[in-house]
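Spelled out, the chains give:
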Amino acid sequence: MTDLPMEDAITRAERAEQRGYLLLFLPALLLVGLFLGLPLGLLAFQSLREGDAFSLVHYARIFEEPIYWRTYADTLRVSLWVTLLAIALGFPLAYAAAIASRGWSTLILALVMLPFWTSVLVRTYAWLVVLQRKGIVNSTLIALGIIEQPLSLSHNYTAVLIGMVHVMVPFMVFPLYAAISKIPAELLQAGHSLGGGAFHVFRRVLLPLALPGLFAGSVLVFILCLGFYLTPELLGGGKTIMVSSLVQRNVELYLQFGAASAVAMMLLMIVMLIFWGVDRILPVEKIVGMR
Amino acid sequence: MTSSLPRLLLWIATGAILAFLVLPIGIVIIMSFSDSRFLTFPPPGFSWRWYAAYFGDRDWMDATLNSLLLASLSTLICVPVGTAAAYAANVSASPLLRRLQIVLLTPVMVPVIILAAGLYMVYAQVGLNATKLGLVCAFSMMNLPYVFISVLAGLRSFDMNQENVARSLGLGRFAAFVKVTLPQIRPSVATGALFAFIGALDETVVSIFIAGGENQTLPRRMFMSLRNEIDPTIAAISAALITLSFALVVLSSLRSKTRQGA
Amino acid sequence: MTQSNFVPVRLQDITKSYHDFQALKGVSLDIAAGEFVSILGPSGSGKTTLLQIIGGFTRPSAGRVFFGDADVTLLPPQKRDIGVVFQNYALFPHLSVAENIAFPLRARKTPPERIQQRVARALRSVDLAGYGDRPIANLSGGQRQRVALARAIVFEPRLILMDEPLSALDKNLREAMQMELRSLHAELGATIIYVTHDQREALTMSDRVAVMKAGRIVQIDTPRGLYSRPVNDFVADFVGESTLVPVERVGVRAVRLGSAVLGCPRDLAPGQLCIALQAETLLLCGDEPAEPGTNCLEGTVGEIVFQGESLKASLALQGGAEIAIRIPSHHFNARALPASGSQVRVKLHVEDTVVVPVTA
Ligand SMILES: Nc1ncnc2c1ncn2[C@@H]1O[C@H](COP(=O)(O)OP(=O)(O)OP(=O)(O)O)[C@@H](O)[C@H]1O
Ligand SMILES: [Mg+2]
């Protein structure tokens, strides 16, 4: 027995429902399409334009002029260093929070949350204050008689590293903590009771099990570093250290939209390549969900 | 016994790293009460002068109020828009919708500097630079993923059967959502809204490019001022901002705690 | 309650596909007004899907649903006037007990004083008078169950749907609630469609039971009918807690099991057959010759297990099949108890001799 009109009606009702959902989704899609899609489209377009014609000069420039490709190299180098340092500082914190009693663990995590919820600008300012010529570090060192003349600590490469690590540590701690706190305590104890030293347990038990969190945190931190602007700009003392400054200068200072677009597109491609590369191991939703 | 030395080292390291994370912020707060023009530490004396300088300065106040307004408006836009999208993504079985979800995450995947440069160039064409409309739209777009992710997570752990029951008891779809689903996913919506609000309030890089003139924002003004000199007024502003973020975070976590307790 | 609202329900050739998987493959069902029908089947057989379609929460891929004469296939749930109770109760945790029960009345814009009366009456009818102000979180499982029930009946629905409503309760509570549901059904004269995978529950409560397998209704019958006249080995196995033993058809109403020839109450179609032997229908007997209307089997007693009110003995038939018999554990029986390893005879009434076709 087939009654086609009924099946048609059912299909129509089903379509109408799905259209309704799409309609609910549409405002969000429009918002992103207009205010992200369009800008990215324009950047892509401009990066390929020279005068009134299409050309690859802007991309060629990135590979030819040292100031450009060196900036990319520096950006990668800084990002790598910051990631490593964030691991070095984040791991002990995450581990301590995972094995501490409830109260201590909450305290540790709260103290990590504190900078996390503080504006990057404020934190960068804090480092300017701490690292300046008459800042607390210099005055302490002088008071202790270790140095006589204040060191110039801010406005250089080291200051940028310190400031960025400070921003990134929380992003490393949260996924790491999530991974480590899932490891049953008995497993770590078993490692010890089987005669393993602390290092042995770390290498054979803790590290492998914490690896997913470590990976997630590292990818997140590295990607965030690649496009980081504020801290390098303010703590770098006007030197162009990161690609982001290169983009900003080409737009605002030199009004070189074509060059700026190409530099930005190049950076975007690197970031997307990383997302694409790790997608199979670590879905994009997971990475951005942690941010 | 074998593990006591590494233990001790771990606690020392933890303390040192936490100090590294927290102390600079504490120093800023202390500095905000300094009575000196110079940022010598410890401050020579106590005063409210930098707060007076902040709250008494028209430009700073205008920028602050403008930022609060922009953050509120953009939150008002991206919460309903993000919630609607999350709802659709959660209930629809359509493969098209599933594939489109990733699009809503792109604003946090693209480095902000690229967003800022692109928006600046597009806005320059259509005259949206340094306008409220342009800023609100940009902030709404940038913070949409936080609302979307947070609400979607809330909906995923919500039993959609409840909405079915509410409908069988006589409510239409929208009414069922408002009366039954929304009250129960409220913490997720609030978290999304909180992220959106603080995100918009803090947004500096995009502001640097597309704000200005009449529509100065607080972070942009702070940035400009920091590039020139280390003015202690910024310490007072920073302290005020820290207090505000914390008040919001603590308030929302307290609310969700009392909710769970009930 | 003045005039009953309850309607007959008719399902006409309902199918439901999820992509290339068919969850329902043409289900037709006629339910009279005021009837209590259970849908019984193993996990994944499509019971919930069928109920969701009747409730309007899911659209069928094809087929129609009628409430009385009205085609409701495309009617949204809010227009169907049905009370539903789910396994996890789906109570609204942000509302109090009374607010939960008042929910459908508020949705219908009932005047507030009427709401109060009816909520109070509904609370009394499920023995929860005075619980109105409690938050849902403070209720026990059984109490939640009653609130869900009160909420489903308070607005005098046309139909009540229940999806494994008792499966989260412990055994005693479940049995008590079964009785209550039964009497509530009688009192309201409600049309109830009740999903369960517990055969005992289905048999206890229902006017009729529909047995489902892999998206199809295999048999729909009264509990007694299902028990004594299962259509195939699947139903016999699922409903009867019996042991199926292959038999050979040796006449229109006779089969052979090992060396024994057994009479059957109904004509048998040719094909592969098996007998469904239930422990309760087998009775130990002596060597006396079989009376008419009685089938006899022989076997070797294996293990005997004490199970409270009865003993359960396993019996190895000639030919190797292992079945169970039940012996009441009172002392009159003590001397008749067979020893393990001994050879015994059991008898079985012809009317209890259930022979069913074997399906693939
Ligand atoms: N939304 C869906 N998408 C895809 N398949 C589904 C969906 N809902 C149900 N199914 C499939 O349909 C079949 C029937 O499911 P249904 O929930 O109706 O079974 P059930 O008889 O209620 O089982 P149970 O006793 O476990 O509750 C199952 O195989 C299930 O996997
Ligand atoms: Mg089910």
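Everything numeric here is computed off the predicted structure, so don't read it as measured data.

## A closer look at the side chain of Gln-12 of chain C
Residue and element names in this part refer to chain C.
Right, so step 1: Tracing the chain through its elements places Gln-12 in strand β1 (residues 9-18).
Right, so step 2: On the basis of relative accessible area, Gln-12 is assigned to the buried category, the value being 18%.
Right, so step 3: A distance of 3.3 Å separates a polar atom in the side chain of Gln-12 from a polar atom in the side chain of Arg-10.

## A word on the confidence of the model for chain C
Right, so step 1: Mean pLDDT over chain C: 88, with 98% of residues reaching 70 or higher.
Right, so step 2: Predicted complex, confidence summary: ipTM 0.89, pTM 0.88.

## Quick notes on the site of ligand 1
Residues and elements named next belong to chain C.
Right, so step 1: By nearness alone, 13 residues border ligand 1, and Ser-43, Gly-44, Lys-47, Thr-48 and Thr-49 come closest of all.
Right, so step 2: In the model, an oxygen atom of ligand 1 is placed 2.8 Å from a nitrogen or oxygen of the Lys-47 side chain.
Right, so step 3: The contact in question runs from an oxygen atom of ligand 1 to an N or O atom on the side chain of Thr-48, over 2.6 Å.
Right, so step 4: Computed on the free molecule, ligand 1 has an accessible area of 640 Å², of which 59% lies beneath the protein chains in the complex.
Right, so step 5: Counting residues per element, the shell around ligand 1 draws most heavily on helix α1 (residues 47-55), which supplies 3 residues.
Right, so step 6: By residue class, the composition of the shell around ligand 1 is 4 nonpolar, 7 polar and 2 charged.

## Re the nonpolar core
Right, so step 1: Residues Met-168 of chain A together with Phe-209 of chain B are the most contacted members of the largest nonpolar core, which totals 248 residues.
Right, so step 2: Top element by residues in this core is helix α6 (residues 132-156) of chain B. It accounts for 14 residues.
Right, so step 3: Residues Leu-297, Leu-317, Ala-321 and Ile-327 of chain C belong to the second largest nonpolar core, which totals 26 residues.

## Let's talk about the packing of aromatic side chains
Residues and elements named next belong to chain A.
Right, so step 1: Evaluated as defined, the whole model comprises 24 aromatic pairs over all chains.
Right, so step 2: Ring geometry for Phe-116 against Phe-174: centres 5.5 Å apart, planes inclined by 90°, an arrangement best described as edge-to-face. Here Phe-174 lies in helix α7 (residues 157-180) and Phe-116 lies in helix α4 (residues 102-116), a separation of 58 residues in the sequence.
Right, so step 3: With relative accessibility at 17%, the residue Phe-116 sits in the buried group.

## Observations concerning the interface of chain C and chain B
Right, so step 1: Each partner contributes to the interface: chain C provides 20 residues, whereas chain B provides 17 residues.
Right, so step 2: Summed over both sides, the interface of chain C with chain B buries roughly 1,600 Å², with 63% coming from carbon and sulfur.
Right, so step 3: Considering only the side of chain C, the residues that lose the most area to chain B are Gln-78, His-94 and Phe-103 of chain C, jointly responsible for 31% of the buried surface there.
Right, so step 4: Between the two partners, chain C and chain B, sit 6 residue pairs in polar contact (both at pLDDT 80 or more).
Right, so step 5: Of all the elements in the fold, those that place two or more residues in the side of chain C that touches chain B are β6 (82-85) and α2 (97-107) of chain C.

## As for the pattern of salt bridges
Oppositely charged side chains can pair when the atoms bearing their charge come close.
Right, so step 1: This structure, assessed with the given rule, holds 18 salt bridges over all chains.
Right, so step 2: Between Asp-267 of chain C and Arg-253 of chain C there is a salt bridge, with its nearest N and O atoms 2.6 Å apart. Of this pair, Asp-267 of chain C sits in the loop between β13 (260-263) and β14 (273-277) while Arg-253 of chain C is found in the loop between β11 (243-251) and β12 (254-257), placing the two residues 14 residues apart along the sequence.
Right, so step 3: A single salt-bridge network, built from bridges that share partners, covers Glu-14 and Glu-17 of chain A, Arg-173 of chain B together with Arg-59 of chain C.

Conventions we followed
Residues numbered from 1 in each chain as written. Chains lettered and ligands numbered in written order. Predicted model: local features only at pLDDT ≥ 70, side-chain atom pairs only at ≥ 80, totals over all residues. Heavy atoms only, no water. Helix = DSSP H or I, 4+ residues; strand = E, 2+ residues; numbered from the N terminus. Buried < 20%, exposed > 50% of the residue type's maximum accessible area, 1.4 Å probe, protein only. Polar contact = N/O pair within 3.5 Å; in protein donor to acceptor, adjacent residues only side chain to side chain. pLDDT = per-residue confidence, 0-100. Near = heavy atom within 4 Å. Areas by Shrake-Rupley, 256 points an atom, 1.4 Å probe, with all protein chains shown as cover. Nonpolar A, V, L, I, M, F, W, Y, C, P; charged D, E, K, R; others polar. Core = buried A, V, L, I, M, F, W, Y, C linked by side-chain atoms within 4.5 Å. Phe/Tyr/Trp six-rings, centres within 6.5 Å; stacked < 30°, edge-to-face > 60°. Contact = heavy atoms within 4.5 Å. Buried area = accessible area lost by both parts, 1.4 Å probe. Salt bridge = Lys/Arg side-chain N within 4 Å of Asp/Glu carboxyl O.

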